[in-house]
Amino acid sequence: MGEVIKSVYENQIDIIKSIMHLCKIDRFHADVTYGNGQFYKKIEKPIFRFDLDGDLDDVIQSSSDNLPLNDKSISSVMFDPPFLTYVRAAREGNGNMIMAKRFAGYWRYDELEDHYKKTIVEAHRVLTNKGIFVVKCQDIIHNHKMHCTHANVINWADGMFRLKDLYILPAKHRLPSPNRNGVQKHARIFHSYFLVLEKL
């Protein structure tokens with residue numbers, strides 16, 4: 001028997017390798033928010049690499065909720081969407097913020113919710129039966145309210161996917177905070193999740 005695979009790792013590459021091992025994925029078929037390919041420094045790049053940024057090399061410009069793929073045509077999808085709110089580079093008065101330059105995001109939580117829900121539906125469309133949909137996400141505080149995004153994703157996917165596994169990634173570096181002034185009212189979120197969803 002080999003090393004026992006855990007639900008918590010300090011490195012996201014170890015999490016992805018664990019997912020690939022347990023789900024028997026030699027190479028992801030698609031990453032629908034590929035970005036600069038940080039996930040794939042030590043593993044093979046996905047067959048299909050999609051991103052909204054059309055200037056990236058070897059990446060197809062496409063939104064994660066509208067993929068140029070046929071129904072039931074692939075068996076694994078990686079989705080690492082933005083998780084921040086009150087951040088959007090295109091917003092007037094917001095585009096020069098350090099967080100807006102470093103992280104993509106949404107202005108309101110309902111924008112995040114809409115994008116995630118539509119991508120879940122699209123992943124369900126393109127995946128084969130029992131296909132694997134991996135979602136990296138993080139819970140956030142928005143407008144003084146806790147949004148348990150990882151639980152929301154599981155609920156939004158109900159009826160289309162079942163939760164197969166859940167991994168926790170503690171932050172190596174301090175995550176951005178939109179407001180450093182005033183009295184702290186919530187615990188600082190210092191971890192993210194990898195949800196492994198299997199198509200029903």
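Reading the values: rules and limits
Residues numbered from 1 in each chain as written. Predicted model: local features only at pLDDT ≥ 70, side-chain atom pairs only at ≥ 80, totals over all residues. Heavy atoms only, no water. pLDDT = per-residue confidence, 0-100. Contact = heavy atoms within 4.5 Å. Salt bridge = Lys/Arg side-chain N within 4 Å of Asp/Glu carboxyl O. Helix = DSSP H or I, 4+ residues; strand = E, 2+ residues; numbered from the N terminus. Buried < 20%, exposed > 50% of the residue type's maximum accessible area, 1.4 Å probe, protein only. Axes fitted to C-alpha atoms, helices over the stretch in contact; angles between N-to-C directions. Parallel < 35°, antiparallel > 145°, perpendicular 65-115°, else oblique. Left-handed = near helix turned anticlockwise from the far one by under 90°. Nonpolar A, V, L, I, M, F, W, Y, C, P; charged D, E, K, R; others polar.

Here we come to the confidence of the model for the chain. Here the chain shows a mean pLDDT of 86. Residues at 70 or above account for 84%. For residues 90-103, every residue scores under 50 in pLDDT, and the model assigns this stretch 22 contacts once sequence neighbours within four places are set aside.

This paragraph deals with the pattern of salt bridges. Taken as a whole and assessed by the stated rule, the structure comprises eight salt bridges. Between glutamate 44 and arginine 27 there is a salt bridge whose closest N-O contact spans 3.4 Å. Residue glutamate 44 is located in the loop between β1 (30-31) and β2 (48-51), and its partner arginine 27 is located in the loop between α1 (12-22) and β1; the two are separated by 17 residues in the primary sequence. Residue classification places glutamate 44 among the partly exposed positions, given a relative accessible area of 47%. Measuring nitrogen to oxygen at the nearest pair gives 2.8 Å for the salt bridge that ties arginine 108 to aspartate 110.

A word on the packing of helix α3 (residues 109-126) against helix α4 (residues 149-156). Following both chains from N to C, one finds α3 and α4 inclined at 40 degrees, their axes separated by 10 Å at the closest point. In terms of orientation, α3 lies oblique with respect to α4. With respect to the hand of their crossing, α3 and α4 are arranged in right-handed fashion. In this structure, α3 contributes Tyr109, Leu112, Glu113, Tyr116, Lys117 and Ile120 to the contact, and α4 contributes Thr149, Asn152, Val153 and Trp156. Of the residues in the contact of α3 with α4, the class split is six nonpolar, two polar and two charged.

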